[in-house]
Amino acid sequence: MINLRRISKLRTPFIRLKSTSIPDNAPTLLENEEWLGTLDDNAELSHDANVETKNSIFDKHVTKNERFPIKIISTPPETKYIKVQSPIANFTSINYLRQYSKHNHTQGNFVDVRIIQCRSGNGGTGCVSFLRDANRRVGPPDGGDGGGGGSVYVQAVEGMNSLSKLKTKYIAGDGQAGASTQLDGSRGKNILITVPKGTVVRWCMDPKSVRTLVDSEMKSNINKPLKDILQDNKIDIDCYGRSKEDQRPKYIQLFREQYETGEGWLFKDKTKDYHEIKDWFKKLNRNVARYDRSLDVEEVSNDKIPLYGIDLDEVTDKPVCLLEGGKGGLGNMHFLTSVIRNPRFAKIGRKSLESYFMFELKSIADLGLVGFPNAGKSTILNKISNATPRIGSWEFTTLRPTIGTIMRGPGEKTFTVADIPGIIEGAHLDRGMGLEFLKHIERSKGWVFVIGLNDPDPLGTLKILINEVGGLEKVRTKNILVVCNKADIDANNPASMEKYLKIQKFAELQAWDSIPISALNEENIDVLVDKMARCAKNNT
Ligand SMILES: Nc1nc2c(ncn2[C@@H]2O[C@H](COP(=O)(O)OP(=O)(O)OP(=O)(O)O)[C@@H](O)[C@H]2O)c(=O)[nH]1
């Protein structure tokens, strides 16, 4: 069993202290005392407004349909978190792990799943400095605050159709240290990861730890399939629970390797030991520790990721924050009080947040071409679009999905079509390449069934195909177009026409459109494109 939790101390995740606003630059002694005084008050604990804001951003993108089973082990208040247990298969990618096997088939640069390491930036250190001028060798403290660490954002954009361009690691910039003359350090650079629309981003385990586990399991049980290893091993996860009433584990709680409350000081000239025994410092630190705690609470409130992922099924107008940077540390200018005239200390910045995320491209095109191998799907895509899929007279020439964009001139909407590897009979029982690639067109508005008229029984083949992809019930949820390809073969044979008419009749009964074409000879291609355009829309 793997336990995620990096730090074990109990925290209060759902509340924050009310009064924590720090005096702005150049705070006066009185402002500092007032601020520290509010911290000294038994400040009321209240629900964090930030939590609600972040929840509402996530709620817009929360994955609705693809939920996996979890087991709730314990609920707050026992643990502060909802502890859930789930097979590690749900927090890694079997395809990703397989990519490292010897039998990896790759074609083109289509990549539909990536595991990516992300880290936000550390907050910059506050500065210890004193004003110096012609009259004063040591004037009042003027050390500025550290800059905030950069955050990691994700945004879905138009015009991308693969995850291949993503890096394996994204690290946001650290905030710069504060400087003399009350200068705050600059903010660390944010990272914006752009992905194709249709990408789902989920928290996942460090792939190295998964591989170590898989390797050791495989050593002790050579014949155990990877799938079973990932199902049998479980992971414990702390989930955010909103309230006593609403204890659905919606978010995974992330934890920073943060300094302890009341720690995180940077001393200059005099040591930590010197300060720690002074009553004035002890009193100050009691107050500042409350400030630390409010930051702690704020971080715990923000550092969470929807358990079932962030679904970027549409172009996102605003980037979604995955990992927030650490806040900058306070400069010594904040610690000037009537008792402390020479604060030779400042706070270090808050720590960054690090995590792995799985990026999965779920929907890649408006239309998906569905057919058995060799039906002519790649040829069709090649004739109607700019895509250049592999074409061959042997089966399974397409091993990875290819996407073509069809531009139809001014005023007409562009649409995309995906050619996925051919499905074979028994695919739903995991034969051949199984239905692995069907997931790419699972969310497409329309499916285009491609059948070869050279097939002795095209209607029978169409029915088998429908069965393989989930049955009539499921197929009826899509806009459907049936394309009878290879109409050039036996074109003058009435039997060929018969075959098409049978399909047309069947299609009409389902209220589907159909068309005979010859992709090879480019016959009926213009009509096909029109019909496809209609199929790509919501109303056929
Ligand atoms: N006669 C004829 N041959 C065609 C036509 N369309 C495709 N072909 C041929 O059929 C063979 C298979 O075509 P592909 O486009 O690779 O078929 P596919 O459905 O993409 O095949 P997989 O990649 O295996 O799924 C090739 O030799 C094509 O030249 C057509 O309209 N008429």
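### Details of the overall build of the protein
So, point 1. Looking only at helices and strands, the protein has 12 helices and 24 strands in total.
So, point 2. Looking at the 540 residues of the protein, the share that counts as buried comes to 54%.
So, point 3. Per element, the accessible surface of the protein, about 25,600 Å² overall, is 49% carbon and sulfur.

### Some words on the pairing of strand 22 (residues 446-452)
In summary, the side chains of a regular strand alternate between the two faces of the sheet.
So, point 1. A large share of strand 22 lies buried, amounting to seven of its seven residues.
So, point 2. In the sheet, strand 19 (residues 367-371) pairs with strand 22 via five bridges, with the strands oriented parallel. Considered in strand 22, the bridge of glycine 368 is made with tryptophan 447.
So, point 3. Across seven bridges, the pairing between strand 22 and strand 23 (residues 479-485) is parallel. Opposite phenylalanine 449, over in strand 23, you have valine 482 as the bridge partner.

### A few points about the nonpolar core
So, point 1. If you look at the biggest cluster of nonpolar residues, it comprises 44 residues, and the most contacted ones within it are Phe91, Val154, Ile193, Val195, Trp203, Leu322 and Phe359.
So, point 2. Core analysis: the next-biggest nonpolar cluster, separate from the first, contains 27 residues, Ile403, Ile441, Leu453 and Val475 among them.

### Examining the side chain of aspartate 292
So, point 1. Looking at the secondary structure, you find aspartate 292 in helix 7 (residues 279-302).
So, point 2. Not counting residues within four places of it along the chain, the set of residues in contact with aspartate 292 comprises Tyr259, Thr261, Gly262, Glu263, Lys347 and Arg350.

### Things to note about helix 9 (residues 458-468)
So, point 1. Where burial is concerned, most of helix 9 is hidden: eight out of the 11 residues are buried.
So, point 2. Buried within helix 9 we find Pro458, Leu459, Gly460, Thr461, Leu462, Leu465, Ile466 and Glu468.
So, point 3. On the buried face of helix 9, the contacting elements are strand 19, strand 22, helix 10 (471-475), strand 23 and helix 11 (494-509).

### Remarks on the pairing of strand 19
So, point 1. The element strand 19 is extensively covered by neighbouring structure, given that five of its five residues are classed as buried.
So, point 2. A two-sided burial pattern is seen for strand 19, the buried positions comprising Leu367, Leu369 and Gly371 on one face and Gly368 and Val370 on the other.
So, point 3. Relative to strand 21 (residues 415-419), strand 19 runs parallel, the two sharing three bridges. Among the inter-strand pairings, glycine 368 is bridged to a residue of strand 21, identified as alanine 418.

### Quick look at unusual backbone geometry
So, point 1. In this structure, threonine 181 takes a positive phi of about 55° despite not being glycine.
So, point 2. Within the secondary structure, threonine 181 sits in the loop between strand 8 (169-171) and strand 9 (191-196).
So, point 3. Even without being glycine, asparagine 374 reaches a positive phi, approximately 75°.
So, point 4. Judged by its relative accessible area of 31%, asparagine 374 falls in the partly exposed class.

### Some points on the packing of helix 9 against helix 11
So, point 1. Look at helix 9 against helix 11: their axes get within 8 Å of each other, and the N-to-C directions meet at 40°. In terms of orientation, helix 9 and helix 11 fall into the oblique class. Contacts between helix 9 and helix 11 pair Pro458, Leu459, Leu462, Lys463 and Ile466 from the former with Lys499, Lys502, Ile503 and Phe506 from the latter.
So, point 2. When grouped by side-chain class, the residues that make up the contact of helix 9 with helix 11 number six nonpolar, no polar and three charged.

### A short note on the confidence of the model for the protein
So, point 1. Averaged over the protein, the pLDDT score is 81; the fraction of residues at 70 or greater is 79%.
So, point 2. In the model, residues 41-51 has pLDDT below 50 throughout and makes 26 contacts with residues more than four positions away in sequence or in other chains.
So, point 3. When the criterion is pLDDT under 50, residues 393-397 qualifies, and its contacts beyond four places in sequence or with other chains add up to 12 contacts.

### Details of the pattern of salt bridges
So, point 1. Evaluated as defined, the whole model comprises 18 salt bridges.
So, point 2. One salt bridge connects aspartate 238 with lysine 83, and the closest N-O pair in it is separated by 2.8 Å. Here aspartate 238 is found in strand 11 (residues 234-240), whereas its partner lysine 83 is found in strand 5 (residues 82-87), with 155 residues between them in sequence.
So, point 3. Its relative accessible area of 18% is what places lysine 83 among the buried residues.
So, point 4. Through salt bridges with shared partners, a single ionic network connects Glu217, Lys224 and Asp232.

### Structural notes on the sheet that holds strand 18 (residues 354-361)
So, point 1. Pairing in this open sheet of five strands is mixed, and the strands run 8-6-18-10-15 from one edge to the other. Only two strands of the sheet have a single partner each, and these edge strands are strand 8 and strand 15 (310-312). Averaged over all adjacent pairs, the angle separating strand axes in this sheet is 25°, with direction ignored.

### A few points about the packing of helix 8 (residues 377-384) against helix 12 (residues 525-536)
Between two packed helices, what matters for the description is the angle formed by their axes and the separation of those axes.
So, point 1. At a closest axis distance of 11 Å, the pairing of helix 8 and helix 12 adopts a crossing angle of 90°. Comparing the axis directions of helix 8 and helix 12 gives the class roughly perpendicular. Two secondary-structure elements touch here, helix 8 through Ile380, Lys383 and Ile384 and helix 12 through Ile525, Leu528, Val529 and Met532.
So, point 2. Grouping the constituent residues of the contact of helix 8 with helix 12 by class yields six nonpolar, no polar and one charged.

### Some thoughts on the sheet that holds strand 21
So, point 1. Taken in spatial order, the six strands of this open sheet run 20-21-19-22-23-24, and their pairing is mixed. Every interior strand has two partners, whereas the edge strands, strand 20 (402-406) and strand 24 (513-516), have only one. Neighbouring strand axes in the sheet, compared pairwise and without regard to direction, differ in orientation by 25° on average.
So, point 2. Sheet strands touched by helix 8: strand 19, strand 20, strand 21, strand 22 and strand 23. Its angle to strand 21, the strand with the most contacts, is close to 155°.
So, point 3. The sheet strands contacting helix 12 are strand 19, strand 20, strand 21, strand 22, strand 23 and strand 24, and the helix crosses strand 23 at an angle near 160°.

### Re the environment of alanine 179
So, point 1. Mapped onto the elements, alanine 179 comes out in the loop between strand 8 and strand 9.
So, point 2. Distance from alanine 179 to glycine 143, taken between C-alpha atoms, is 5.7 Å for residues 36 residues apart in sequence.
So, point 3. With sequence-adjacent residues up to four places away left out, alanine 179 is seen in contact with Cys127, Asp142, Gly143 and Gly144.

### Considerations on helix 11
So, point 1. End to end, helix 11 covers 23 Å across 16 residues, agreeing with the expected 22 Å (1.5 Å per residue, within 8%).
So, point 2. Taken together, the buried residues of helix 11 touch strand 22, helix 9, strand 23 and strand 24.
So, point 3. Taken from the residues just after helix 11, alanine 511 is the one with a positive phi, measuring 65°.

### What about the packing of aromatic side chains?
So, point 1. Evaluation of the coordinates by the stated rule reveals 14 aromatic pairs.
So, point 2. On the basis of an interplanar angle of 45° and a centroid distance of 5.9 Å, the ring pair of phenylalanine 335 and phenylalanine 345 is categorised as tilted. Taken together, the residues phenylalanine 335 in the loop between strand 16 (320-323) and strand 17 (345-347) and phenylalanine 345 in strand 17 connect sequence positions 10 residues apart.
So, point 3. With a relative accessible area of 0%, phenylalanine 345 lands in the buried category.
So, point 4. Joined through ring pairs, the aromatic side chains of Trp265, Phe267, Trp280, Phe281, Phe335 and Phe345 make up one cluster.
So, point 5. Across from the ring centre of tyrosine 251, 4.1 Å away, lies the NZ or CZ of lysine 304, which sits over that ring.
So, point 6. A cation over an aromatic ring shows up here: lysine 347 above the ring of tryptophan 265, its NZ or CZ 4.6 Å from the ring centre.

Calculation criteria
- Residues numbered from 1 in each chain as written.
- Predicted model: local features only at pLDDT ≥ 70, side-chain atom pairs only at ≥ 80, totals over all residues.
- Heavy atoms only, no water.
- Helix = DSSP H or I, 4+ residues; strand = E, 2+ residues; numbered from the N terminus.
- Buried < 20%, exposed > 50% of the residue type's maximum accessible area, 1.4 Å probe, protein only.
- Areas by Shrake-Rupley, 256 points an atom, 1.4 Å probe, with all protein chains shown as cover.
- Pairing = 2+ DSSP bridges.
- Core = buried A, V, L, I, M, F, W, Y, C linked by side-chain atoms within 4.5 Å.
- Contact = heavy atoms within 4.5 Å.
- Axes fitted to C-alpha atoms, helices over the stretch in contact; angles between N-to-C directions.
- Parallel < 35°, antiparallel > 145°, perpendicular 65-115°, else oblique.
- Nonpolar A, V, L, I, M, F, W, Y, C, P; charged D, E, K, R; others polar.
- pLDDT = per-residue confidence, 0-100.
- Salt bridge = Lys/Arg side-chain N within 4 Å of Asp/Glu carboxyl O.
- Expected span 1.5 Å × (residues − 1).
- Phe/Tyr/Trp six-rings, centres within 6.5 Å; stacked < 30°, edge-to-face > 60°.
- Lys NZ or Arg CZ within 6 Å of the ring centre and 35° of its normal.

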